[in-house]
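Letter by letter, the chains look like this.
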Amino acid sequence: MDNYPFDTNGLTQEEIESYYKSYTILKLKFNLEFTGEIDFHLELFEVFKNYLEITVRDSFVIKQDNNNDCYILFVETESRHPGQGKVSGDKDYQIWALAFLKADFGRMLIRRETLADKIIELVHPVELDFAEDKAFSDTFYVLVNDREKALKGVDRRFRNAVMDIRHDHFLIEIVEHTLIVGNNEPVSAEKTLHLAEFITRVCSHC
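To keep things clear, this report deals only with the structure shown in the data block. Source: prediction; values computed, not measured. (Residues numbered from 1 in each chain as written. Predicted model: local features only at pLDDT ≥ 70, side-chain atom pairs only at ≥ 80, totals over all residues. Heavy atoms only, no water.)

Concerning the overall build of the chain
Counting secondary structure elements, the chain contains six helices and ten strands. Burial statistics for the chain: of 206 residues in total, 46% are counted as buried. Taken as a whole, the chain presents about 11,200 Å² of accessible surface, with 50% of it coming from carbon and sulfur. (Helix = DSSP H or I, 4+ residues; strand = E, 2+ residues; numbered from the N terminus. Buried < 20%, exposed > 50% of the residue type's maximum accessible area, 1.4 Å probe, protein only. Areas by Shrake-Rupley, 256 points an atom, 1.4 Å probe, with all protein chains shown as cover.)

Here's the deal with the packing of helix H1 (residues 13-29) against helix H6 (residues 189-203)
For the pair H1 and H6, interaxial distance at closest approach is 8 Å and the crossing angle is 40°. In terms of orientation, H1 lies oblique with respect to H6. Of the two elements, H1 crosses H6, and the hand of that crossing is right-handed. Contacts between H1 and H6 pair Lys21, Ser22, Ile25, Leu26 and Lys29 from the former with Ala189, Thr192, Leu193, Ala196 and Glu197 from the latter. (Axes fitted to C-alpha atoms, helices over the stretch in contact; angles between N-to-C directions. Parallel < 35°, antiparallel > 145°, perpendicular 65-115°, else oblique. Left-handed = near helix turned anticlockwise from the far one by under 90°. Contact = heavy atoms within 4.5 Å.)

What to know about the side chain of lysine 191
Here lysine 191 is to be found in helix H6. Looking at lysine 191, its side chain comes within polar contact range of the main-chain oxygen of glutamate 185, at 2.8 Å. (Polar contact = N/O pair within 3.5 Å; in protein donor to acceptor, adjacent residues only side chain to side chain.)

Some words on empty space enclosed by the protein
Per the stated rule, a full pass over the model turns up one cavity of 30 Å³ or more. Here the largest cavity is characterised by a volume of approximately 40 Å³. For the largest cavity, the full set of lining residues is Ile110, Arg111, Arg112, Phe140, Val162, Ile165, His167, Phe170, Leu171 and Ile172. Elements with a minimum of two residues in the lining of the largest cavity: strand E7 (107-112) and strand E9 (171-175). When residues in the lining of the largest cavity are grouped by element, the largest group, three residues, is from E7. (1 Å grid on protein atoms, 1.4 Å probe; cavity = no way out; pocket = protein on both sides within 12 Å on 5 of 7 lines; lining within 4 Å. Points joined across faces, edges and corners; volume = space filled by probe spheres on them.)

Description of helix H5 (residues 156-163)
The set of residues buried in H5 consists of Phe158, Arg159, Ala161 and Val162. When H5 is viewed along its axis, its buried side chains cluster within an angular range of 160° and face the same direction. (Arc of directions from axis to C-beta.)

A look at H6
The terminal C-alpha atoms of H6, which comprises 15 residues, lie 21 Å apart, in line with the 21 Å expected from a rise of 1.5 Å per residue. Most of H6 sits inside the fold, with twelve of its 15 residues counted as buried. For H6, the set of buried residues is Ala189, Lys191, Thr192, Leu193, His194, Leu195, Ala196, Phe198, Ile199, Thr200, Val202 and Cys203. (Expected span 1.5 Å × (residues − 1).)

With respect to the sheet that holds strand E1 (residues 31-34)
Pairing in this open sheet of eight strands is antiparallel, and the strands run E1-E2-E3-E6-E10-E9-E7-E8 from one edge to the other. Each of the sheet's edge strands pairs with one partner strand only, and the pair in question is E1 and strand E8 (140-144). Across this sheet, the average inter-strand angle for adjacent strands is 25°, counted without regard to direction. Alignment of strand E3 (residues 70-79) against strand E6 (residues 91-100), held across nine bridges, turns out to be antiparallel. Across the sheet, isoleucine 72 pairs through a bridge with alanine 97, a residue of E6. Packing of H6 onto the sheet brings it into contact with strand E2 (51-63), E3, E6, E9 and strand E10 (178-182), and relative to E6 it is tilted by some 20°. (Pairing = 2+ DSSP bridges.)

Observations concerning the nonpolar core
Within the largest apolar cluster, 45 residues are counted, with the highest numbers of intra-cluster contacts made by Phe158, Ile172, Leu179, Val181 and Phe198. Ranked by residue count, the leading element in this core is H6, at seven residues. Excluding its chain neighbours within four sequence positions, the residues that come into contact with isoleucine 172 are Met108, Leu109, Ile110, Val162, Ile165, Leu179, Ile180, Val181 and Phe198. Judged by nonpolar contacts, the second largest core, of 13 residues, contains Phe40, Val61, Leu98 and Ile180. (Core = buried A, V, L, I, M, F, W, Y, C linked by side-chain atoms within 4.5 Å.)

A closer look at unusual backbone geometry
Within the chain, histidine 41 stands out as a residue other than glycine whose phi angle is a positive 55°. When you line up the elements, histidine 41 lands in the loop between E1 and E2. Of the residues examined, histidine 41 reaches a relative accessible area of 38% and is grouped as partly exposed. Not every positive phi belongs to a glycine, and glutamate 176 is a case in point at roughly 60°. On the secondary structure map, glutamate 176 appears in the loop between E9 and E10. Taking relative accessible area as the criterion, glutamate 176 reaches 45% and is therefore assigned partly exposed.

Dropping the structure here:
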């Protein structure tokens, strides 16, 4: 583990071990390389809007045969909370996957649909449904700002990839050509593998 070239400054031993296991499982299954310094512009995404600070601690590129590479990001976030007359925060560590899409999806948010979503939808329908794919529409809550772009981008293959996500709390956000997927739960090798499998599948046809 001493040879793992990751910035472990400030991490607990448990966090370091989780990062190392995640990195190891990715190396075993994917053609993985370090990206170096890349600005992924995470500040553009609503999912990160409420954080005081967002830092990509490290990032990896998953190289693919079709040259449509995708990325795994280890992200450090600092949460906003009031503290003795000044803004202070607690640091948290998360893992996200990112892909650059060929098509412009507009702005889009996809997550598991809850009972509350279904009730609200009866009174104030705002989500995008897919009449030809009831299983997807019953499972996921989709918010968009451009229905035409969304309907073109979210085709059958994309929906099938999303349906295969084996976790209830993943969130997908798309800003035009950039997609991120993940959640704010602690880093784990299992979750990292799920994210990598999903993002490589999306990149294989988007």
